[in-house]
Amino acid sequence: MISTRATAADGAEARKRLVAARAARDIDFVLVPLAAFAVYWLSSLLIEAANATILFGSDAPLYTWLLRGELVDRVTRFHPVTVVLELAWMKLLAPLTLWIAPQNLLKALFATIGAVGVWAAMWAFRAVIPRRQVVLWGVIYAASFGIWFFSSIEESKIVTATLSTLYIAIYLHLRQHWSMRGAVLLTLVLLLDCLNEIVAGFLVAIPIVDALLERGWDRRALRWIAAHALTAPVAFAFLELVVNGYLVAATDDPEGASHLSMLFYYASDNKLDAWTVDYFLANWLFYNLAAPTSYASQVFPHWPNNKYFDPELTNYFSSPISAALAVLFGVMVLASFLRRHHAASPRGCASILLALLAYAALRGAFFFAVYPYESLLFSSSVTLAHLLLIAIPFAASRLPAKETLLGAVALLLIVTNGTFIVSQ
């Protein structure tokens, strides 16, 4: 009897040690998002002091109007989830306005949403790369320019980006361990994302392409995806039939009367030439990750009060720090194409990479055709997809000292993008 009790006690102690070890191992899933929140909130104060919240076509001033009790029809019509989050946040934290200015509390909301996105990105990386590289890729995601900047201003774009990141993370884990609860959660996140920005419906390309490549025309596998994909048209119908014209007053402004009206308005106003291609790709693929300069100087006649990055990739080599970042990041990309350890690749590596590529390409093609001049504004939702396209093959490459290289890239990214934030 004594022996049995001793064995049970030893087992309970061993379980406690195991739980403690796992908690210590996962502490970075708390520390990195918390650090990101602090940096984003501090950055928001610097950007506000420099009157730089409207850079890159941001609508930040429209969201601050809600603090005065003014419901902005345009924002509510196209981004109702952000509006509901903002109103609920300010209502919940109203007692804190005795010590913290309401505008600073509002900025804390978007910093919090950005930090949640950092946690979701780390969870996504954990599903497909070695555990020792997850923190470094999480820091790279958190320090990427689009995520950092749009977490530091009042903008719906970071809400869309965080929901898209959470969607990808859930799906990467769901494809490993299928469950109906996981599928329902994935659908709920997609619904919220589509209600906040209807173009988030392109996310369904990930499970569709992955399932087709992995299983072909498997009716059972495609049946739930077909039901899942209905989320986007359901969200669109709700936005157009309930929000637009019922909850929000109708308008004759072609730029903001409805989703279709806005689509035709911008698509008919674009000049898709070689310069536009260069400008779009520079912002979508590169500036979203790292600021090319510490200032924005490009101005478009349509929006004379806004400024954007000059579309010259050679600007990265105007500073030794950004030049080193460009070189090291190039080494990472090249290493992704080198001979790989097949055992280090996740199951279905090729199919998930092509699925992520399909999503990023669809979203990119849409905004190139419709709204290429403010592409940086919409690129944060593909940040995780772009990083995974590099991280998965890079983790399986035979390049030595991968963690050291990742650490150097993360540090240079923090310095490069941080210099832009403090220079405004």
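Refer to the structure above for everything that follows.
For clarity, every value in this text was computed on a predicted model and none was experimentally measured.

**Some thoughts on the packing of aromatic side chains**
Then, number 1: For the structure on display, the rule yields 32 aromatic pairs.
Then, number 2: Summarising the aromatic geometry, the rings of Tyr63 and Phe110 are spaced 6.4 Å apart at their centres and angled 70° between planes, so their arrangement reads as edge-to-face. With Tyr63 in helix H3 (residues 60–64) and Phe110 in helix H6 (residues 102–128), this residue pair connects regions lying 47 residues apart in the sequence. Taken as a pair, Tyr63 and Phe110 share a single burial class, namely buried.

**A few points about the environment of Leu353**
Then, number 1: Inspection of the secondary structure assignment puts Leu353 in helix H17 (residues 349–370).
Then, number 2: Leu353 gets classed as buried once you look at its relative accessible area, which sits at 17%.
Then, number 3: In this structure, the C-alpha to C-alpha distance between Leu353 and Thr97, residues 256 residues apart in sequence, is 46 Å.
Then, number 4: Excluding residues that lie within four positions of it along the chain, Leu353 makes contacts with Leu388, Leu389, Ile392 and Pro393.

**Considerations on the layout of surface pockets**
Then, number 1: There is about 890 Å³ of room inside the largest pocket.
Then, number 2: If you trace the largest pocket, you find 35 residues lining it, with Leu285, Phe286, Phe329, Val333 and Ile390 closest to the centre.
Then, number 3: Counting residues per element, the ones that place at least two in the lining of the largest pocket are helix H15 (274–287), helix H16 (320–335), H17, helix H19 (383–395) and helix H20 (402–423).
Then, number 4: Ranked by residue count, the leading element in the lining of the largest pocket is H17, at seven residues.

Rules and cut-offs
Each chain carries its own residue numbering, running from 1 in the direction its sequence is written. Whole-chain, interface and lining totals are the exception, using all residues; otherwise, since this is a predicted model, local features are given only for residues with pLDDT of at least 70 and side-chain atom pairs are given and counted only at 80 or more. As a rule here, side-chain values come from all non-hydrogen atoms in the structure, and water together with hydrogens is ignored. Any two rings among Phe, Tyr and Trp, with Trp reduced to its six-membered ring, count as a pair given centres within 6.5 Å; such a pair is stacked if its planes are under 30 degrees apart, edge-to-face if over 60, and tilted if neither. Here a strand is any run of E in DSSP of at least two residues, a helix any run of H or I of at least four, and the numbering for each starts at the N terminus. Relative accessible area decides the class of each residue, using a 1.4 Å probe on protein chains only: under 20% of the type maximum gives buried, over 50% gives exposed, and in between gives partly exposed. A contact between two residues is defined here by any heavy atoms of the two lying within 4.5 Å. In this analysis a 1.4 Å probe is tested at points of a 1 Å grid over the protein atoms alone, and where it fits but cannot get out there is a cavity; an open set with protein on both sides within 12 Å along at least five of seven lines is a pocket; lining residues have an atom within 4 Å of a point. Grid points are joined across faces, edges and corners, and a volume is the space filled by probe spheres set on the points.

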